[in-house]
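Understanding the architecture of this molecule
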Amino acid sequence: MKRKYDFLVVGTGIAGLSYALKVADAGSVCIVSKADAKETATRYAQGGIAAVMYTPDTYEKHIKDTMIAGDDLNDPEIVRITITESTDRIKDLIDWGVSFDKTKAGRFDLGREGGHSEYRVLHHKDNTGYEIQNVLLAQALKHPNIEILENHFAVEILTQHHLGEKVTRSRKDIECYGAYVLNINTNIVDTILAKVTMIATGGIGNVYSSTTNPTVATGDGIAMVYRAKGLVENMEFIQFHPTALYNPKEKPNFLITEALRGFGAILKTLKGQEFMHKYDRRGSLAPRDIVARAIDTEMKISGGEHVYLDCRHLNKNELIDHFPTIYAKCLSIGIDITTSMIPVVPAAHYVCGGIKVDEFGRSSIKQLYASGECAYTGLHGANRLASNSLLESLVFSHRAALDSKNVISKIQFNDRIRDWSYEGTVLNEEMILITQSIKDLQTLMSSYVGIVRSNLRLKRAMDRLEILYKETEDLFKKSILSVDICELRNLISVAYLIIKMAMGRKESRGLHYSLDYPRYISEINTYQSEL
Ligand SMILES: Cc1cc2nc3c(=O)[nH]c(=O)nc-3n(C[C@H](O)[C@H](O)[C@H](O)COP(=O)(O)OP(=O)(O)OC[C@H]3O[C@@H](n4cnc5c(N)ncnc54)[C@H](O)[C@@H]3O)c2cc1C
């Protein structure tokens, strides 16, 4: 079935919804979400959103903090744009109805997180993302020009390739005409034609075995754009949270806050021995990236799948009083943290790279924009400053909306696009062919392309990925389309991009740490110690 909208938006997180709300006065908008519209990374964001609100904070200070965190691999112009527009974008959120906590004096109760030299993180209790998600979704649902299609999975973006033309990466005139979208309820692929398409599909966490990301984070947008011959950059920079609860049955991984280490909890090996002092004189209180690397090294040495966080020596009542959620969560899976150690593992948290876009969110493909975690604007460089990601989504969705509204009147629908062909495909009755490949992929990425890498590990990962790629492409060509096979295929593309870009980076920098380029270690440690 063919449908036509002026704007097609893929994704119902902060990036997709804020863009949709800003373009909706200029035409019809269709937003698709592959699951329930509420199921996004946005809703899980706890800390908050960084913005310059009051003195003594200044744009210059926030810019400097962002550049230091990004190890100077950031695009300075993009950093400046993002930070200097932060105050206005927060006003947009407030106008839509988002409420941020205030002090008794009526000023915003700003938090301060690692790497920030000032108090500048706006929050709504400890569930800021949930508040933003609910408010933006409610606004979108009541807008007469916006239609939201839940359980609709975007499969491919439409380009000249779907008119039978040869499309190569060197072509500068690739155009996007919308997307093929699988209606998960009916199993029918709709052709959604759009004058302008916005990709806001979020992160890639599920390419790894452990992740804080929701299950929808499978890098679909990045993979689709790459397959359509668009530019993707900076994928080697993956941020890991050092201590997530090790519980293989549960996705996403439950976060064990760093505050627990601040309270006195100690990291230990599987044999119950302390190890952090080998890596940093501050022991378990060392900065996030050092802790994550140390845990990774210990897991490589032991061959185990986790390490432990020990709270048994802490005052029982105070521990439960300060960390009731962690206590209850662990107890629910049979771990009493006052008498047993907590198994913890680093978990993939955020991808700094993605679809390459310019200062107006324009990708290298005409009429195609990208915003949010799937986009690479140049803001984060080699590492993301905490709470800058929600801000980035707002700033570039706003700018993309301005640009889209400017060009929309000059763009026509492309009616020559053919509908999806089901020819030669059969129902795949063996899910094991997909589920096992996903597990294999996640294991190889966690083992070889995680926090600590080396040329040998990357080569090994690429060799194994090649096998998975061939098997999956074969299966894909024969199978009736399903979300599982599409997600596997997308995860493989994302893994390829991470490995390829990691292989190309001949240095340890920011989040990319290679045993083969150790000269930079002391500099990294000095920089991280300042965070
Ligand atoms: C636990 C956690 C805590 C965090 N805390 C913070 C924080 O405090 N501050 C901060 O700034 N950042 C934080 N982040 C990061 C931040 O939440 C995300 O980067 C941001 O929310 C991404 O928003 P988005 O709109 O790009 O994507 P998302 O919010 O993830 O939305 C993606 C959307 O795309 C849809 N989608 C994906 N693929 C397809 C497809 N093929 N077809 C159709 N729809 C598709 C999904 O269904 C979903 O609707 C946190 C992340 C996590 C996981």
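Refer to the structure printed above.
Described below are features of the structure shown in this document. Just so it is clear, the model here is predicted, and its values are computed rather than measured.

**Considering helix α6 (residues 220-227)**
Where burial is concerned, most of α6 is hidden: seven out of the eight residues are buried. Along α6, the residues classified as buried are D220, G221, I222, A223, M224, V225 and Y226. Contact partners of the buried residues in α6: β6 (152-157), β8 (188-199), β9 (232-233), β14 (354-356), β15 (368-370) and α14 (483-504). At the exit of α6 stands K229, carrying a positive phi of roughly 75°.

**So, the packing of α6 against α14**
Relative orientation of the contacting elements α6 and α14 amounts to 75°, with a least axis distance of 8 Å. Taken together, the axes of α6 and α14 lie roughly perpendicular to each other. Contact with α6, carried on its side by D220, I222, A223, Y226 and R227, involves E487, R489, N490, S493, Y496, L497 and K500 of α14 and no other residues of that element.

**Some thoughts on the sheet that holds strand β10 (residues 238-245)**
Hydrogen bonds between backbone groups are what pair the strands of a sheet, and the pairing can be parallel or antiparallel. With antiparallel pairing, four strands are arranged side by side in an open sheet as β10-β13-β12-β11. Edge positions in the open sheet fall to β10 and β11 (266-268), since each of these has one partner strand only. Taken over all neighbouring pairs, the strand axes of this sheet differ in orientation by 40° on average, direction set aside. As paired elements, strand β12 (residues 307-310) and strand β13 (residues 342-351) share three bridges and run antiparallel to each other. What sits directly across from L309, in β13, is I342. Its contacts with the sheet put helix α8 (residues 288-302) on β10, β11, β12 and β13, and the angle it makes with β10 is roughly 70°.

Reading the values: the criteria
Going along each chain's sequence as written, the residues are numbered from 1 onward. Under the rules for a predicted model, residues below a pLDDT of 70 receive no local features and side-chain atom pairs below 80 are neither given nor counted, while totals for whole chains, interfaces and linings still include all residues. Excluding hydrogens and water, the side-chain figures rest on all heavy atoms present in the structure. Each residue gets one of three labels from its accessible area relative to the maximum for its type: buried under 20%, exposed over 50%, partly exposed in between, using a 1.4 Å probe on protein chains only. We count a stretch as a helix when DSSP gives it H or I for four or more residues in a row; a strand needs E for two or more, and each element gets its number in order from the N terminus. Should any heavy atoms of two residues lie within 4.5 Å, those residues are counted as being in contact. Axes, fitted as lines to C-alpha atoms, cover a helix only where it is in contact. Angles between the N-to-C directions of the axes lie from 0 to 180 degrees. Here is the rule for angles: anything less than 35 degrees is roughly parallel, anything more than 145 is roughly antiparallel, 65 through 115 is roughly perpendicular, and the remaining ranges are oblique. Two strands form a pair only when DSSP identifies at least two bridges running between them.

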